[in-house]
Protein chains: 2
Amino acid sequence: MVTTTLQRALPTSGVSLPVQVVAPTLSDIIERAALADDLALVERTMVERTASRSRPIAAAGAYTVSAGGKRLRAALVLLAARLGSYDLERAARPAVAIELLHAASLVHDDLVDHTLRRRGRVTVHARWDRHVALMVGDYFFALAANELAAEPDPRIIRFYADAAQTVVEGELRPVTQLEPMSVALEQYFYKTGAKTAALFEAACKAGIAVGGGTAEQVEALERFGYNLGVAFQIIDDILDFTSNETALGKPAGNDLREGTLTLPLIYAVAQSDAPLLREVARTARPNPTQVPQLIEAVIAAGGISRALDEARQIVQQAQSALAHFPPTGALQALYDICDFVLQRQV
Amino acid sequence: MVTTTLQRALPTSGVSLPVQVVAPTLSDIIERAALADDLALVERTMVERTASRSRPIAAAGAYTVSAGGKRLRAALVLLAARLGSYDLERAARPAVAIELLHAASLVHDDLVDHTLRRRGRVTVHARWDRHVALMVGDYFFALAANELAAEPDPRIIRFYADAAQTVVEGELRPVTQLEPMSVALEQYFYKTGAKTAALFEAACKAGIAVGGGTAEQVEALERFGYNLGVAFQIIDDILDFTSNETALGKPAGNDLREGTLTLPLIYAVAQSDAPLLREVARTARPNPTQVPQLIEAVIAAGGISRALDEARQIVQQAQSALAHFPPTGALQALYDICDFVLQRQV
């Protein structure tokens, strides 16, 4: 169990905390939903698939898979499939494929962004070279396509291919201005919807589709996945202001240093006259030497709390999309994942 | 009609050339097989698919598609499909997909190899930037997967995904030595089989498979496509010694300048004591300042003619794989493509 920041400040020994303020970890959720064995199969399959006749591909591929990550997208596929009629063998394929796609896009992102560390580990292009990183990404795309070859429902590969196209489109459309707020928000939500939410959406749709869901159910999972993905990214962007290197596996303030304009900054600029925020509003280029001061100014201006409010509202939209499903352990796990996404510290 | 190098030296006006020494162009073959309309559909589909909400992706994608190329792989899909029962709508999808895959791998190759020109045009990363080139390649991979989503035979996407994996593996296994010849040849044929022949093989197998071919027929087309692809690459490597920048769209001697060790050089080294060749045999690193002299030495040592002999024998193996198909216009076109591949000047 990870407690919220508020809870952390309290002495916990001997104190019985109210359940609703304790954020579930993903492990808790997976355990309660009895999903661990199924996710272990996904993990084993990823390791198997990454074997290659090419030694650098096999090595860098194994390295990438072993870096882990939360496997949240795979869990979403499996849980969404459980909302319908669940066949693990069939549901595992899009679960493996979405994690391979996600891994491919991270490796390529790190390559073009010159990112040196992710999840506390050296990135592929930094540990091997640019050529290997490019090729591992391409290889993982091919593995993902191969994984879906045996899937009889042609919608699944379409969901994933469309999502991969959308991720690419989002990758090339950064937020370029902080004012007017309406334009900044439009750019931010376009990019967030494309770069992050598209894969969440595809995972949830693929899950319910292999579970035999109706068109209405697929649409409900689309809304759930999309909104959950947007909220996930907002929290990610908040954590870049509030967390630290140990928790993130990369330095905090990274977005500001790289000139990436995110929601807390957009809101802070909209509701503050602090000179530092006025300046960044004008230039739309955070000064890398003033990152600690900018973080303080964004927090002081209420940028974080307004972004968190936004994330909460978006998660409520995600949850409302699930209203028509019967109450099962899988449904509860999807609700719990909403709480996890909002309250996660890493 | 393009005549062979030998023919070019002869006065041609008023001379009636024997048919067998005149190489058919790909346009001739396509016209005789009445394939032009079908390939035009493939081309239109590629243009349509490349449209994107992202302006740089749409622009760089259209630029890549308009660079054209021979569409030889698409022609192979369609002709192989015609060996069975031909349904253009169904066969067009793997034809489009193989060209998208091929284009993606070229864009990514040019990116990691820092190639500035291809087919006489500035490459994508040179005209836009590295980020756009990476993303256009990824986008084309996703488009190819999407194109195959509606294909009911799961083998097709497997053929293509396997080929994409093989291309990546070949990309990372260069020829590293020229002696002993056996090792150099093993490395050369592994790389050539992976980087070039895998897509030819996949194209031919996909074609006969959507044409409803038997397992034996798929295997025959596998051998045909693989061998044709190896021969195609050998001729490519020969042209880098014998052609010129106008014909190639890139400077001749490019491979030597970049340290890429190909079949003409391997054979030249094996059958000559010329000091320049001895030196490169020892270092396995051609001296970029001596490219013109190296080209002359390779030609003088008979490296070109032995590589050409090898290509001819491999093409014979390709042709023999077609022995059991009934004589049709499509079969004739596949035989003609063998001649085209051997005698092409660009």
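What counts and how
Residues numbered from 1 in each chain as written. Chains lettered and ligands numbered in written order. Predicted model: local features only at pLDDT ≥ 70, side-chain atom pairs only at ≥ 80, totals over all residues. Heavy atoms only, no water. Helix = DSSP H or I, 4+ residues; strand = E, 2+ residues; numbered from the N terminus. Rg over C-alpha atoms; globule rule 2.2 N^0.38 Å. Buried < 20%, exposed > 50% of the residue type's maximum accessible area, 1.4 Å probe, protein only. Contact = heavy atoms within 4.5 Å. Areas by Shrake-Rupley, 256 points an atom, 1.4 Å probe, with all protein chains shown as cover. Lys, Arg positive; Asp, Glu negative; His and termini not counted. Charge placed at Lys NZ, Arg CZ, Asp CG, Glu CD. Axes fitted to C-alpha atoms, helices over the stretch in contact; angles between N-to-C directions. Parallel < 35°, antiparallel > 145°, perpendicular 65-115°, else oblique. Left-handed = near helix turned anticlockwise from the far one by under 90°. Nonpolar A, V, L, I, M, F, W, Y, C, P; charged D, E, K, R; others polar. Buried area = accessible area lost by both parts, 1.4 Å probe. Salt bridge = Lys/Arg side-chain N within 4 Å of Asp/Glu carboxyl O. Polar contact = N/O pair within 3.5 Å; in protein donor to acceptor, adjacent residues only side chain to side chain. Least-squares fit on C-alpha atoms with pLDDT ≥ 70 in both. Phe/Tyr/Trp six-rings, centres within 6.5 Å; stacked < 30°, edge-to-face > 60°. Lys NZ or Arg CZ within 6 Å of the ring centre and 35° of its normal. Disulfide = S-S within 2.5 Å. pLDDT = per-residue confidence, 0-100. Core = buried A, V, L, I, M, F, W, Y, C linked by side-chain atoms within 4.5 Å.

**Q** Give a detailed account of the overall build of chain A, specifying residues and quantitative values.
**A** Helix and strand content of chain A: 18 helices and four strands. The C-alpha atoms of chain A give 20 Å as radius of gyration, which agrees with the globular expectation for 346 residues (20 Å, within 12%). With respect to the three principal axes, the spread of C-alpha positions in chain A is 60 × 50 × 40 Å. Considering chain A as a whole, with its 346 residues, one finds that 57% of them fall into the buried category. Within chain A, counting contacts between residues at least 6 apart in sequence, those at least 24 apart form 73% of the total. In the form shown here, chain A has an accessible surface area of approximately 14300 Å², with 53% of it arising from carbon and sulfur atoms. Between the mean site of the 33 positive side-chain charges and the mean site of the 39 negative ones, chain A shows a separation of 4 Å.

**Q** Residue-level account of the packing of helix α6 (residues 88-113) of chain A against helix α8 (residues 130-147) of chain B, with values.
**A** The N-to-C vectors of α6(A) and α8(B) enclose an angle of 165°; their axes lie 10 Å apart at closest approach. By the angle class used here, α6(A) and α8(B) are roughly antiparallel. The way α6(A) lies across α8(B) gives a crossing that is right-handed. Only R130(B), H131(B), L134(B), M135(B) and D138(B) of α8(B) make contact with α6(A), whose side of the interface consists of H108(A), D109(A), L111(A), V112(A) and D113(A). Among the residues making up the contact of α6(A) with α8(B), the classes are represented as four nonpolar, two polar and four charged.

**Q** Before we move on, can you summarise the side chain of D255(A) with the specific residues and values?
**A** Along the chain, D255(A) turns up in helix α13 (residues 254-257). Apart from the residues lying within four places of it in its own chain, the contact partners of D255(A) are D237(A), D240(A), T260(A) and T262(A).

**Q** Go over the environment of K195(A), please, and point to the residues and values.
**A** All names here are of chain A. You can see K195 is positioned in helix α10 (residues 181-210). We classify K195 as partly exposed; its relative accessible area is 24%. The spacing of K195 and Q165 is 30 residues in sequence and 9.8 Å in space, taken between C-alpha atoms. For K195, the contacting residues outside a window of four places in its chain are D109, V167, G170 and E171.

**Q** Let's hear about the interface of chain B and chain A: which residues, and what values?
**A** Taken together, the contact between chain B and chain A spans 38 residues of the former and 38 residues of the latter. Between chain B and chain A the total buried area reaches about 3500 Å² when both faces are included, carbon and sulfur atoms providing 64% of it. Taking the shortest distance from any N to any O, the salt bridge between R53(B) and E169(A) comes out at 2.6 Å. Across the chain B-chain A interface, the total number found is 20 residue pairs in polar contact (both at pLDDT 80 or more).

**Q** An account of the relation of the copies chain B and chain A is requested, with residue identities and associated values reported.
**A** Superposition record for chain B on chain A: RMSD 0.0 Å, screw rotation 180°, translation along axis 0.0 Å. Classification of the inter-copy transformation places it as that of a two-fold axis. When C-alpha distances to the rotation axis are compared across chain B, the minimum falls at A145(B), with a value of 3.3 Å.

**Q** Go over the packing of aromatic side chains with me, naming the residues and quoting the values.
**A** Under the counting rule described, the total for this entry stands at six aromatic pairs over all chains. An angle of 70° between the planes, with centres 5.2 Å apart, marks the rings of Y63(B) and W128(B) as edge-to-face. Placement of the pair is Y63(B) in helix α4 (residues 55-66) and W128(B) in the loop between α7 (124-127) and α8, with a sequence separation of 65 residues. For Y63(B), a relative accessible area of 13% translates into the label buried. Under the relative-accessibility criterion, W128(B) is labelled partly exposed at 25%. Here the aromatic rings of F200(B) and F232(B) are separated by 5.1 Å at their centres, their planes lie at 45°, and the arrangement is tilted. In this pair, F200(B) is assigned in helix α10 (residues 181-210) and F232(B) in helix α11 (residues 215-242), connecting sequence segments 32 residues apart. Residue classification places F232(B) among the buried positions, given a relative accessible area of 6%. Taking NZ or CZ as reference, R344(A) lies 3.9 Å from the ring centre of F232(A), over its face. R121(B) extends its terminal NZ or CZ atom over the ring of Y63(B), reaching a point 4.0 Å from the ring centre.

**Q** Which residues make up the state of the cysteines, and what are the values?
**A** Residues and elements named next belong to chain B. In this structure the tally under the stated criterion is zero disulfides over all chains. Looking at C204, it has no disulfide partner, and the nearest cysteine sulfur is the one in C338, 9.3 Å off. Overall, the relative accessible area of 0% leaves C204 in the buried class.

**Q** Kindly report on the confidence of the model for chain A, identifying the contributing residues and their values.
**A** Residue and element names in this part refer to chain A. Per-residue confidence for chain A gives a mean pLDDT of 91, with 91% of residues at or over 70. A low-confidence stretch, residues 1-20 (pLDDT under 50), is modelled with 22 contacts involving residues beyond four sequence positions or located in other chains. Of the two predicted TM-score estimates for the complex, the pTM is 0.89 and the ipTM is 0.88.

**Q** Help me get a handle on helix α14 (residues 263-270) of chain B, residues and values and all.
**A** Residue and element names in this part refer to chain B. Summarising burial for α14: seven of the eight residues are buried, a large majority. Listing the buried residues of α14 in full gives L263, P264, L265, I266, Y267, A268 and V269. Looking at the packing, one finds that the buried side of α14 touches α10, α11, α13 (254-257), α15 (275-283), α16 (291-300) and α17 (303-320).

**Q** How would you summarise the packing of helix α5 (residues 72-82) of chain A against helix α11 (residues 215-242) of chain A if you had to cite specific residues and measurements?
**A** Residues and elements named next belong to chain A. Running from N to C, α5 and α11 point in directions that differ by 160°, and their axes come no closer than 12 Å. Considering their axes alone, α5 and α11 lie roughly antiparallel with respect to each other. Handedness of the α5/α11 crossing: right-handed. Together, L72, R73, L76 and A80 of α5 and L221, F224, L228 and F232 of α11 make up the contact between the two elements. Looking at the contact of α5 with α11 residue by residue, the class counts come to seven nonpolar, no polar and one charged.

**Q** Give a description of the nonpolar core that names residues and reports values.
**A** Ranked by internal contacts, the top residues of the largest apolar core, which has 246 residues, are F224(A) and F224(B). Those residues in contact with F224(A), other than ones at most four positions away along the chain, are L76(A), C204(A), A318(A), Q319(A), A321(A), L322(A), L334(A) and C338(A).

**Q** Before we move on, could you go through unusual backbone geometry and cite the residues and values that matter?
**A** Phi is mostly negative for residues that are not glycine, and the peptide bonds are mostly trans. Of the consecutive residues E179(A) and P180(A), the connecting peptide bond is found in the cis state with omega at -5°. Within the secondary structure layout, P180(A) lies in the loop between α9 (154-171) and α10. With a phi close to 60°, A284(A) is a non-glycine residue in the positive phi region. One can find A284(A) in the loop between α15 (275-283) and α16 (291-300). You will see that H114(B), though not glycine, has its phi angle at about 55°, which is positive. Following the sequence through the fold, H114(B) ends up in the loop between α6 (88-113) and β3 (117-118). On the basis of relative accessibility, which here comes to 55%, the residue H114(B) falls in the exposed class.

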